[in-house]
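# Overview (structure and organization)
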Amino acid sequence: MTSARSQSFVLGLIGVSLFLIAWEVIGTYRLAGLTWPPLSTVLAFLTTPAKLPLFGRAAAASFTSVAIGYLCGACGGLILALASHLIAPVRPGLDRLVAVIHAIPSIALAPLLIVLASADATPPIISGLGVGYIFYVAATSGLATASATHRDLFAVLGASRFSVTLRLDLPSALPAIASAMKLSVPIAFIGAIIGEWFGASRGLGLLIVSAMQNFQIPLLWSAVLITAVASLAMFALFSLTERLVQERMR
Amino acid sequence: MTAVVSISNLLRRYWAVALIVVGWQIWVSAAGLSSIVLPGPLAVATDFAGDPLSYAGPAGLTFLVAIAGLLLGFLLGAGLAILSWSSRILNGLLTPLGLIFTSIPVVTLIPIIARLLGYDVRTVVAIVSLICFFPAFVYVGAGLRALPPGSDDLFRVFGGSQLQRFVRLVLPSAVPNLMLAFRLTAPEAVLAAVVAEFLMGTDGLGYLFRKAAGEFDTERALATSLIATITSVACFGLALAAERRVLRRWT
Amino acid sequence: MSDKPAIRIDRVSKTFRLGDGNELSALVDIDLTIAPGEFVALLGPSGCGKSTILRLVAALEGATAGRVTIEGKAPADLCQSHRLGVAFQDHALLPWLDIEANVALPFHLAGRSVDKAQVKDLISLVGLAGFEKARPKQLSGGMRQRASIARALVLEPEVLLLDEPFGALDAVTRRQMNVELQRIWSRHSITTLLVTHSVDEALFLADRVVVMSGRPGRIILDLPAPFARPRAPSVMRDPAFHDMVDRLTEALEPEGAHA
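Heads up: these notes are all about the structure in this document. Treat the numbers as computed from the prediction; the structure is a model and nothing was measured.

Calculation notes
- Residues numbered from 1 in each chain as written.
- Chains lettered and ligands numbered in written order.
- Predicted model: local features only at pLDDT ≥ 70, side-chain atom pairs only at ≥ 80, totals over all residues.
- Heavy atoms only, no water.
- Helix = DSSP H or I, 4+ residues; strand = E, 2+ residues; numbered from the N terminus.
- Buried < 20%, exposed > 50% of the residue type's maximum accessible area, 1.4 Å probe, protein only.
- Contact = heavy atoms within 4.5 Å.
- Areas by Shrake-Rupley, 256 points an atom, 1.4 Å probe, with all protein chains shown as cover.
- Lys, Arg positive; Asp, Glu negative; His and termini not counted.
- Charge placed at Lys NZ, Arg CZ, Asp CG, Glu CD.
- Expected span 1.5 Å × (residues − 1).
- Bend = angle between axes of the 7 residues up to and from the residue.
- Patch = residues over 30% accessible without salt bridge, like charges linked within 9 Å, V, L, I, M, F, W, Y side chains within 5 Å.
- Salt bridge = Lys/Arg side-chain N within 4 Å of Asp/Glu carboxyl O.
- Buried area = accessible area lost by both parts, 1.4 Å probe.
- Polar contact = N/O pair within 3.5 Å; in protein donor to acceptor, adjacent residues only side chain to side chain.
- Nonpolar A, V, L, I, M, F, W, Y, C, P; charged D, E, K, R; others polar.
- Pairing = 2+ DSSP bridges.
- Axes fitted to C-alpha atoms, helices over the stretch in contact; angles between N-to-C directions.
- Core = buried A, V, L, I, M, F, W, Y, C linked by side-chain atoms within 4.5 Å.
- Right-handed = clockwise from strand over helix to strand, strands pointing away.
- Phe/Tyr/Trp six-rings, centres within 6.5 Å; stacked < 30°, edge-to-face > 60°.
- Lys NZ or Arg CZ within 6 Å of the ring centre and 35° of its normal.
- Disulfide = S-S within 2.5 Å.

Within chain A, the secondary structure is distributed over 10 helices and 0 strands. Reported as C-alpha extents along the three principal axes, the dimensions of chain A are approximately 70 × 60 × 30 Å. The buried share of chain A, taken over its 250 residues, is 44%. Considering only contacts within chain A whose residues lie at least 6 apart along the sequence, 71% involve residues at least 24 apart. Here chain A displays about 12,300 Å² of accessible surface, and carbon together with sulfur accounts for 72% of that area. The positive charge centre, built from 14 side chains, and the negative charge centre, built from 8, are 2 Å apart in chain A.

If you want it as structure tokens, here you go:
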């Protein structure tokens, strides 16, 4: 068992290393043209002291958007899910509303938001809408997972609607909510970046698009790499949380 | 009678959406906003109704590009999942990479792909297929390993060959997951296509939108948004219908 | 009946290696011979290793010590020549195939063309005529088990292995299925190994009942079930049947418990 596990860990490590080596080799020998820099060039560019303030400012702006969007989206999604769980008649309408808002391509939402709010408020809002959708869907289905037997038990014990929700439905929904925490991480980043593509004044998304248009290849790859690594780290953290919750709830 | 029932049904489902549209119209009319800043839904609808055909071409192109990218991405993703299923070593090498790429915002790779392949409609297809590739790889990979309980023992006792096991057991087992990935990814494919068109200025809804926004033709920009939404919903609806149909047959 | 045994389990032991590095001894020195055409029931408490014996005969596991042979050859050979039939507690019907296609599956796995008449006969033999086009999810638990028994018999196997086939059914359906299986088996008389924890079921169906003790599994009793075939459900009301049920139940009691 343990040997199979360590074996798959080693294989995974080799896989990731091969990927990074391929990135380096393709860049060094220009197998994919001039617009594919070797990994070492990107890393060197990233760690140039002169560039640090640039990346720092951009990352701070984007990560703030991600954090605000994530928190507001998570709270909003959970509150709406609770509302549709407690007040049955509003459920179909909320379901449709959430689905329709989710279906609007963020590209279409962005200009509306720029008018309604402001250019700098757009990234966190798009991010929050995406995150809210995931939380709403996961929480509504999670709140409905408690078994019929448990429900009967609570009914026989004369529990109020409120205490059923608090003591039965919410705990049963925790694993689904923990999954939503993990799955909405890349969504939060995508929302913030796309929001910035529509005229934010700073942020990694802006950096990415201007680097693309001006052929600043190492800058382009560096900005994307920062975004990817940040998302990956947050995803890993929440995967751990998810595992803890699922083990506790089993 | 049935008309009353269906209207009340419609209201039950769409009251929240209707509320937002009506509120938007009232707000625009009451505040007297100029249509460059924000036109009301009526103005947008009028603009669309005035020349619906001018949207048909770009919408059709975006739809086709999204479908082409979706299918290509699924073909590659499912193909690699099968390869990785057949080899334990390949599986060990690829699984963490698949996980990594599903946990990063792949949409941010669009500018990199655009620079690598050039501003072209084929690049849009490549971008869409990249976005669809990872979900297909992950979900189909999981499906290939989710066999009905006991079926593996059954095939061994009945002396099925490895090929038969693959064709008659493993592949069919992955179909529900394949359809699930299809439904989840279909709207993302349209989104990716529109964003890529917007960023690169190639033809399609994304370009139409960019042009309208650049000319401050807000009515047209919002109408384009509406069409993009409808295209995305249509893709989702088609995928959902396909999934339901297949699942009825499959489970 | 020839003298050559159909199934020979020759001083077999089985040890499982656990995840924490410890070993679990599941079977110790099991010796069992099953004659051609004989129906043997393996009876024992859960976790006594009776299913492991069946899995050894089905070539799903390998023995740690000793040897299992079917007609003098390794069980895997029988699998390869498609002469083994099996039904599990979990029906293991494929959800994407209808009943007819599920029952016909062994033909495909054997690379033979489907004998449609045979499939149809077996479906009606197990009482599922009219449900050929139904999907597994549309049937009740008992009906699914009937289908899985039809599938086990469709190639007319030399050896039939039944692993708690009715374990998930309610008592009434279970008894009814026992009666049906008895009727079907009387028609085919295939060498059969049934694993069960129901004393009634073992006694009603088998020619011989072998009782096992728990952990590690050993054979503690080997009794013939001397009731004439075909057996009617009324056999179960026979005083002799009751006496044997009592004896077997007593043998199943864990040591130290009051008889």
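This paragraph deals with helix α8 (residues 161-197) of chain A. Residue and element names in this part refer to chain A. For α8, spanning 37 residues, the distance from its first C-alpha to its last is only 46 Å, which falls clearly below the expected 54 Å at 1.5 Å a residue. Of all bends in α8, the biggest is about 45°, found at L174, and the proline P175 comes one to four residues later. A positive phi of about 90° marks G199, the residue just after α8.

All right, on to a negative patch on the surface then. Together, D238, D243, D246, E250 and E253 of chain C make up a negatively charged patch on the protein surface. Inspection of the secondary structure puts D246 of chain C in helix α8 (residues 239-252).

Residue and element names in this part refer to chain C. Residue position: G62 is located in the loop between α1 (50-57) and β4 (65-70). The class of G62 is partly exposed, set by a relative accessible area of 42%. Along the chain, G62 and P75 lie 13 residues apart, while their C-alpha atoms are 9.8 Å from each other. Dropping the residues within four chain positions of it, G62 is found in contact with K14 and L56.

The subject of this paragraph is a nonpolar patch on the surface. Residues F9, V10, L13, I14, L18, I21, V25, Y29 and L31 of chain A make up a contiguous nonpolar surface patch of about 910 Å² in total accessible area. Tracing the backbone through its elements, the reader meets F9 of chain A in helix α1 (residues 2-28).

Contacts between the two partners involve 45 residues from chain B and, on the opposite side, 51 residues from chain A. In total, chain B and chain A occlude about 4,300 Å² of area from one another, counting both sides; carbon and sulfur atoms represent 80% of this. For the pair chain B and chain A, the interface holds 0 salt bridges. Inspection of the chain B/chain A interface yields 3 residue pairs in polar contact (both at pLDDT 80 or more). Every element with two or more residues in the side of chain B that touches chain A is listed here: α1 (2-31), α4 (88-102), α5 (110-117), α8 (162-200) and α10 (218-250) of chain B. The greatest single-element share of the side of chain B that touches chain A, amounting to 9 residues, is contributed by α4 of chain B. Across the side of chain B that touches chain A, the residue classes tally to 33 nonpolar, 7 polar and 5 charged.

A large share of helix α9 (residues 204-213) of chain A lies buried, amounting to 7 of its 10 residues. Considered for burial, the residues of α9 of chain A that qualify are L204, G205, L207, I208, V209, A211 and M212 of chain A. Looking at the packing, one finds that the buried side of α9 of chain A touches α3 (52-86), α8 and α10 (217-249) of chain A together with α5 and α8 of chain B. After α9 of chain A finishes, the residue F215 of chain A shows a positive phi value of roughly 55°.

All names here are of chain C. Here K14 shows up in strand β1 (residues 7-17). We classify K14 as buried; its relative accessible area is 9%. A polar atom in the side chain of K14 sits 2.7 Å from the backbone oxygen of G62. When neighbours within four sequence positions are excluded, K14 is seen to be in contact with L24, S25, A26, L27, T52, E61, G62, A63 and T64.

Before going further, it helps to examine the sheet that holds β4 of chain C. Residues and elements named next belong to chain C. The 3 strands lie next to each other as β2-β1-β4, forming an open sheet whose pairing is antiparallel. On the outer flanks of this sheet lie β2 (23-34) and β4, each paired with one strand and no other. Taking each pair of neighbouring strands and ignoring which way they run, the sheet shows an average axis angle of 25°. Pairing geometry for β1 and β2, over 8 bridges, is antiparallel. Paired with R8 across the strands is T33, a residue of β2. Its contacts with the sheet place α1 against β1, β2 and β4, and it is angled at close to 115° to β1.

Moving on: the nonpolar core. One finds W197, F198, L204 and L220 of chain A together with V195 and L199 of chain B to be the most contacted residues of the largest nonpolar core, which totals 85 residues. Top contributing element to this core by residue count: α8 of chain B, with 13 residues. Setting aside residues up to four positions removed in sequence, F198 of chain A forms contacts with I107, A110 and I114 of chain A together with F198 and F209 of chain B. F39, A87, A150 and V235 of chain C belong to the second-largest nonpolar core, a separate cluster that totals 53 residues.

Here we come to the pairing of strand β6 (residues 159-163) of chain C. Residue and element names in this part refer to chain C. Burial analysis of β6 places 5 of its 5 residues in the buried class, the great majority of the element. With burial as the criterion, each face of β6 is covered, one bearing V159, L161 and D163 and the other bearing L160 and L162. Bridging between strand β5 (residues 84-87) and β6 involves 4 bridges; their strand directions are parallel. Bridged to G85 within β6 is L160. As paired strands, β6 and strand β7 (residues 191-196) are joined by 5 bridges and run parallel to one another. Its bridge partner lying in β7, L162 is registered against L194. This β-α-β element, β6 to helix α6 (residues 171-188) to β7, shows right-handed connectivity.

The subject of this paragraph is the packing of aromatic side chains. Taken as a whole and judged by the stated rule, the model has 18 aromatic pairs over all chains. Judged by centre distance (5.2 Å) and plane angle (85°), the rings of F74 of chain B and F182 of chain B are edge-to-face. Pair noted here: F74 of chain B is in helix α3 (residues 53-86) and F182 of chain B is in helix α8, with a separation of 108 residues, a long-range link. A relative accessible area of 6% places F74 of chain B in the buried class. Members of the aromatic cluster, joined through ring pairs, are F19, W23, W36 and W221 of chain A together with F101, F133, F134 and F137 of chain B. Here R115 of chain B stacks its cationic end above the ring of F215 of chain A, 3.6 Å away from the centre of that ring.

Once that is clear, we can look at the state of the cysteines. All names here are of chain A. The final tally for this structure, using the stated rule, is 0 disulfides over all chains. Of all cysteine sulfurs, the one in C75 lies closest to C72, which takes part in no disulfide; the gap is 6.9 Å. For C75, a relative accessible area of 46% gives the class partly exposed.

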